[in-house]
Amino acid sequence: QVQLVESGGGLVQAGGSLRLSCAASGRTFSDYTMGWFRQAPEKEREFVAAISWSGGSTYYGDSVKGRFTISRDNAKNTVYLQMNSLKPEDTALYYCAASRIRVLPTTPRTYGYWGQGIQVTVSS
């Protein structure tokens, strides 16, 4: 069992930056691939980014490539999402998730553990 808690969300103007953090507790953090997803009202949950257990491999959704960076600190049991050049369309509830699948998964059903979500709002 892994418990995940997101922090760092909030309101930012377009073009600004935010860094989300996700603190994990429970099982060994480095056993898990970690991912970020987001969900806007009346839309499906969207893959944002994933990072391998070691941090050596990352993968991004097309809409955030070049603007967002995922990273992890296994000593701190924390995964991060640095979001730069934010756009109003990035507004959503952002979720941290953990998966036992080693090949970087991009679909929500492949992640077994989820945080409660944190709101990011980008004003124009």
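Numbers given to residues run from 1 along each chain, matching the order in which its sequence is written. Local features are withheld for residues below a pLDDT of 70 in this predicted model, meaning they are given only at 70 or higher, and side-chain atom pairs are given and counted only at 80 or more; totals for whole chains, interfaces and linings count all residues. Values shown for side chains rest on all heavy atoms present in the structure; no hydrogens or waters enter the calculation.

A. Highlighting the state of the cysteines. Cysteine sulfur atoms that come within 2.5 Å of each other are treated as a disulfide pair. Inspection of every chain in the model, using the stated rule, returns 1 disulfide. Each sulfur in the disulfide pair Cys22 and Cys96 lies 2.1 Å from the other. Across the S-S bond linking Cys22 and Cys96, the dihedral sits near -75°, which makes this disulfide left-handed. Linking Cys22 in strand 3 (residues 18-26) with Cys96 in strand 9 (residues 92-99), this pair joins segments that are 74 residues apart in sequence. Relative accessibility thresholds used throughout: buried, under 20% of the residue-type maximum; exposed, over 50%; partly exposed, between the two (1.4 Å probe, protein chains only). The exposure class assigned to Cys22 is buried, which follows from its relative accessible area of 0%. For the purposes of this entry, the term helix denotes a DSSP run of H or I that reaches at least four residues, the term strand denotes a run of E that reaches at least two, and both are numbered from the N terminus.

B. Layout of unusual backbone geometry. Positive phi values are uncommon outside glycine, yet Glu42 reaches one of about 65°. In this structure, Ser85 is a non-glycine residue whose phi angle is positive, near 50°. Examined against the element boundaries, Ser85 turns out to sit in the loop between strand 8 (78-83) and strand 9. Classification of Ser85 as partly exposed rests on a relative accessible area of 41%.

C. Molecular detail of the nonpolar core. Put simply, buried Ala, Val, Leu, Ile, Met, Phe, Trp, Tyr and Cys residues joined by side-chain atoms within 4.5 Å make one nonpolar core. In terms of nonpolar packing, the biggest core is built from 29 residues, with Met34, Trp36, Val79, Leu81, Met83 and Tyr94 touching the most fellow members. Contributions of two or more residues to this core are made by strand 1 (2-7), strand 3, strand 4 (33-39), strand 5 (46-51), strand 7 (68-73), strand 8, strand 9 and strand 11 (118-123). Excluding residues that lie within four positions of it along the chain, Val79 makes contacts with Leu20, Ser21, Cys22, Phe29, Met34, Trp36, Ile51, Ile70, Ser71, Arg72 and Cys96. The next biggest cluster of nonpolar side chains, apart from the first, holds 6 residues, and it includes Phe47, Ala50, Leu104 and Tyr111. Any two residues whose heavy atoms approach within 4.5 Å at even a single point are treated as in contact.

D. How the structure looks around the packing of aromatic side chains. A pair of Phe, Tyr and Trp rings is counted when the ring centres sit within 6.5 Å of each other, with Trp represented by its six-membered ring. The angle between the planes then sorts it: under 30 degrees is stacked, over 60 is edge-to-face, the rest tilted. Using the criterion set out here, one finds 7 aromatic pairs in the structure. Taking 5.1 Å as the distance between ring centres and 55° as the angle between the ring planes, the aromatic pair formed by Phe37 and Trp114 counts as tilted. Of this pair, Phe37 sits in strand 4 while Trp114 sits in strand 10 (residues 113-114); the two residues are 77 residues apart in sequence, bridging distant segments of the chain. Since its relative accessible area comes to 0%, Phe37 is described here as buried. Within the aromatic cluster, the residues linked to one another by ring pairs are Phe37, Phe47, Tyr59, Tyr95, Tyr111 and Trp114. We call a charge positioned over a ring when the NZ of a Lys or the CZ of an Arg lies within 6 Å of the ring centre and within 35 degrees of the ring normal. A cation sits over an aromatic face here: Arg100 above Tyr32, 5.1 Å from the ring centre.

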